[in-house]
Amino acid sequence: LLLCLAGLSASAEGSMYYTLGSQVDDFTVTTYDGRSVSLYETLKEKDMVLLNIWASWCGPCKMEFPFMQEAYARYQDQMEVIAVSCEAADDDEVLRAFAGERGLTFPVARDTANLALRFQASSIPTSVVIDRFGRVCYIHTGAITSAETFANLFDVFVGDGYTESLLLSSIPVKSSVPVAAV
């Protein structure tokens, strides 16, 4: 990660760092195929954004992408994943090959908005939930290795029942055993 952070622009010095509960400023990244993706434009159509900070050389990052993609395929009408590589050597061709080999259908871009620094991603992967109100509601460091875990996380933030920001310290676990009424 030090390589990732070393490649970040010095212009981010003195800028605001995001933590749980922070309101996120709009940012735009450009995907490896030239598409611009803006946080607030995305939130006009989606209930949440999962920002994933990663690098192509990162083993745990590679491990979690299949699960993220599987859950994303089920929720893509309601939420967006924006995967940003913090590795300076991950140019558009590297990202194109990485996404293609893994069948990733969500936006994959370089971290040109200095998000790894702004979210103080001390290790990767780091996943950040930004809700429909633009608030940081969950931060997870390390690989999430189950599509069901991603789905449990997404379920909290999608749908009409989500009316105010909910800050999570962990991903809810759904019980497959029905709870008896008392």
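Small disclaimer: the values here were computed from a predicted structure and weren't measured.

The rules behind these values
- Residues numbered from 1 in each chain as written.
- Predicted model: local features only at pLDDT ≥ 70, side-chain atom pairs only at ≥ 80, totals over all residues.
- Heavy atoms only, no water.
- Helix = DSSP H or I, 4+ residues; strand = E, 2+ residues; numbered from the N terminus.
- Expected span 1.5 Å × (residues − 1).
- Bend = angle between axes of the 7 residues up to and from the residue.
- Buried < 20%, exposed > 50% of the residue type's maximum accessible area, 1.4 Å probe, protein only.
- Core = buried A, V, L, I, M, F, W, Y, C linked by side-chain atoms within 4.5 Å.
- Contact = heavy atoms within 4.5 Å.
- Polar contact = N/O pair within 3.5 Å; in protein donor to acceptor, adjacent residues only side chain to side chain.
- pLDDT = per-residue confidence, 0-100.

(A) Just helix 3 (residues 59-75), in detail. With 17 residues, helix 3 should reach 24 Å at 1.5 Å per residue; the first-to-last C-alpha distance of 25 Å fits that figure. For helix 3, the principal kink sits at F65 and spans about 30°; a proline, P66, occurs within the next four residues. Among the residues of helix 3, those classed as buried are C61, E64, F65, M68, Q69, A71, Y72 and Y75.

(B) Just the nonpolar core, in detail. In terms of nonpolar packing, the biggest core is built from 56 residues, with L50 and F119 touching the most fellow members. Beyond its immediate stretch of four places on either side in the chain, L50 contacts M68, M79, E80, V81, I82, S127, V128, V129, F150, L153 and F154.

(C) Spotlight on the side chain of S127. In this fold, S127 is placed in strand 6 (residues 126-131). For S127, a relative accessible area of 1% corresponds to the buried category. A polar side-chain atom of S127 sits 2.9 Å from a polar atom in the side chain of N52. Dropping the residues within four chain positions of it, S127 is found in contact with L50, L51, N52, E64, Y138, I139 and H140.

(D) Focus on the confidence of the model for the chain. Mean pLDDT over the chain: 91, with 87% of residues reaching 70 or higher. In the predicted structure, residues 2-14 sits below a pLDDT of 50 and forms 15 contacts with residues beyond four places in sequence or in another chain. Note on residues 177-182: pLDDT under 50 across the span, and zero contacts to partners over four residues away in sequence or across chains.

(E) Quick look at unusual backbone geometry. Residue P125 follows I124 across a cis peptide bond; omega there is 0°. Within the secondary structure, P125 sits in the loop between helix 5 (115-118) and strand 6. Positive phi, normally seen in glycine, also occurs at Q120, with a value near 50°. On the secondary structure map, Q120 appears in the loop between helix 5 and strand 6.

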